[in-house]
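Next come the chains, spelled out residue by residue.
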Number of protein chains: 2
Amino acid sequence: MDAIFESDELVGYRFYIDQVADYVAGKTAHAMELGQELERAALAVDIAYAGKTVAVVSSGDAGIYGMAGPVFRVLTDRSWDGSNPELITVPGVSALQSAAALLGSPIMQDFCAISLSDLLTPWEQITRRLEAAAVGDFVTILYNPRSRRRTMQLDEARDIFLQHRPASTPVGIVRHAYRPEQAVSLVSLEGLDGAALSVDMFTTVVVGNSNTYIHQGRMVTPRGYEAKQ
Amino acid sequence: MDAIFESDELVGYRFYIDQVADYVAGKTAHAMELGQELERAALAVDIAYAGKTVAVVSSGDAGIYGMAGPVFRVLTDRSWDGSNPELITVPGVSALQSAAALLGSPIMQDFCAISLSDLLTPWEQITRRLEAAAVGDFVTILYNPRSRRRTMQLDEARDIFLQHRPASTPVGIVRHAYRPEQAVSLVSLEGLDGAALSVDMFTTVVVGNSNTYIHQGRMVTPRGYEAKQ
């Protein structure tokens, strides 16, 4: 929040700007629409080059699939000299962390994060990564698992994991973490049915590794391979 | 910090307990040694079963290779009923996030975290994961890259990546992120020499994917594969 307090202006997706509205009275806030990430970054860079301090508001961690990317892209395109304007990235809590905290301790071993959105990445590249994650026995966190338009990706991901892990492998599903409508559920890999489970863009899916177990509704991955239950 | 304020007692590694000492005057603080993770967790669980509120202090995010694991392990062993004592995990900023924030925007695409410590995981399993991460073109964050005792693992990791990525692939090295002795450097994959670069247990190593580039001393991974520079 300090970064927001110290800014002259704010730029962000309308939904996130609304969430910080109480803290930014008197500041100029540029609320923009989803999908306009490069436009938001460009506006922020314009403001910064004009000599003002601007905060780009991102949900989760701006450094993990967040707004740091578009900002650096715009700065690269404008041949930024690396110091003027000054740029500071403030880490936050990413979806994989809030999901893990609500599920138990699923991320105690090596893990991968994979976005199932094929908007900017070809689906063949994504399936190659799913395959690699499954083969490597990584705990795997799926971002953007399913949207109204994209309904098959999660089913395909499940089928890839089923080729390498037991059907009983625990899978945690967290919707709207830390928001009023929060919902947490646990299923088996075999039971990972996106439509039936209402998986959407506000959902994070955590696939356990071959050692992950369930204890009293919590998803637990042992730290060591010596510790298999 | 709220969780610490609201606790009756604290348990943690001596170095971390010292760091919060100013905020816990009057509380009973159990400072213990490195390597005693299960002992710390057992003590905390004892205190909780005795009816007190106890905070287990962990660096980074307790849910990522952190103290959540040992606590859940002890609770599982004691047939915890899932609700009494109540357990809340508070997410924090993990090493991969502080490293990313200091390096630029390296984690804008799918990524893996792999610990190179073979204390609890067989080295063959770790190399299998390094291979999978390299094949899948994941941005890869290496935790525990090198200790006084373990000096070869990082070299082996580099050699595995060199089989799948250009020798020029950017690698970011962050030591003591956000501490007074903080040091950030960028090398090529080929130049990743752990001994020469003083890589140690306080260091996080971030290996770029095939699209990662350097701009004015910052490490940038484009969000999309359409965006290759």
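Note that this is a predicted model, so its numbers are computed, not measured.

### Remarks on the nonpolar core
Counting residues in hydrophobic clusters, the biggest one holds 46 residues, and the most contacted among them are Leu130 of chain A together with Leu130 of chain B. Apart from residues no more than four positions distant in its own chain, Leu130 of chain A is found in contact with Ile114, Leu116, Trp123, Leu142, Ala157, Ile160 and Phe161 of chain A. By size, the runner-up hydrophobic cluster in this structure holds 28 residues, among which are Leu103 and Val139 of chain A together with Ala99 and Met219 of chain B.

### Examining the interface of chain A and chain B
Listed by partner, the interface residues are 65 residues for chain A and 65 residues for chain B. In total, about 5300 Å² of surface goes out of reach between chain A and chain B, with carbon and sulfur atoms giving 55% of it. Linking chain A with chain B are two salt bridges. Ionic pairing is found between Asp110 of chain B and Arg129 of chain A, a salt bridge with its closest N-O pair at 2.8 Å. The interface formed by chain A and chain B holds 31 residue pairs in polar contact (both at pLDDT 80 or more) in total. Counting residues per element, the ones that place at least two in the side of chain A that touches chain B are helix H3 (37-49), helix H4 (68-77), helix H5 (95-103), strand S4 (104-105), strand S5 (111-115), helix H6 (123-135), strand S10 (213-215) and strand S11 (218-220) of chain A.

### Topic: the relation of the copies chain A and chain B
Applying a rotation about an axis and a shift along it to one chain copy brings it onto the other copy. Structural alignment of chain A on chain B gives an RMSD of 0.0 Å, achieved by rotating through 180 degrees and translating 0.0 Å along the axis. Taken together, these values place the two copies in the relation of a two-fold axis. If distances are taken from each C-alpha of chain A to the rotation axis, the shortest is found for Cys112 of chain A, at 2.0 Å.

### Here's the deal with the sheet that holds strand S5 (residues 111-115) of chain B
One open sheet accounts for ten strands, arranged S8(A)-S7(A)-S9(A)-S6(A)-S5(A)-S5(B)-S6(B)-S9(B)-S7(B)-S8(B); its pairing is mixed. Looking along the sheet, the strands with just one partner apiece sit at the ends: strand S8 (183-188) of chain A together with strand S8 (183-188) of chain B. The mean angle between the axes of side-by-side strands here comes to 15 degrees, regardless of whether they run parallel or antiparallel. Sitting on the sheet, helix H6 (residues 123-135) of chain B is in contact with S5 and strand S6 (139-143) of chain B, with an inclination near 160 degrees to S5 of chain B.

Analysis parameters
Residues numbered from 1 in each chain as written. Chains lettered and ligands numbered in written order. Predicted model: local features only at pLDDT ≥ 70, side-chain atom pairs only at ≥ 80, totals over all residues. Heavy atoms only, no water. Core = buried A, V, L, I, M, F, W, Y, C linked by side-chain atoms within 4.5 Å. Buried < 20%, exposed > 50% of the residue type's maximum accessible area, 1.4 Å probe, protein only. Contact = heavy atoms within 4.5 Å. Buried area = accessible area lost by both parts, 1.4 Å probe. Salt bridge = Lys/Arg side-chain N within 4 Å of Asp/Glu carboxyl O. Polar contact = N/O pair within 3.5 Å; in protein donor to acceptor, adjacent residues only side chain to side chain. Helix = DSSP H or I, 4+ residues; strand = E, 2+ residues; numbered from the N terminus. Least-squares fit on C-alpha atoms with pLDDT ≥ 70 in both. Pairing = 2+ DSSP bridges. Axes fitted to C-alpha atoms, helices over the stretch in contact; angles between N-to-C directions.

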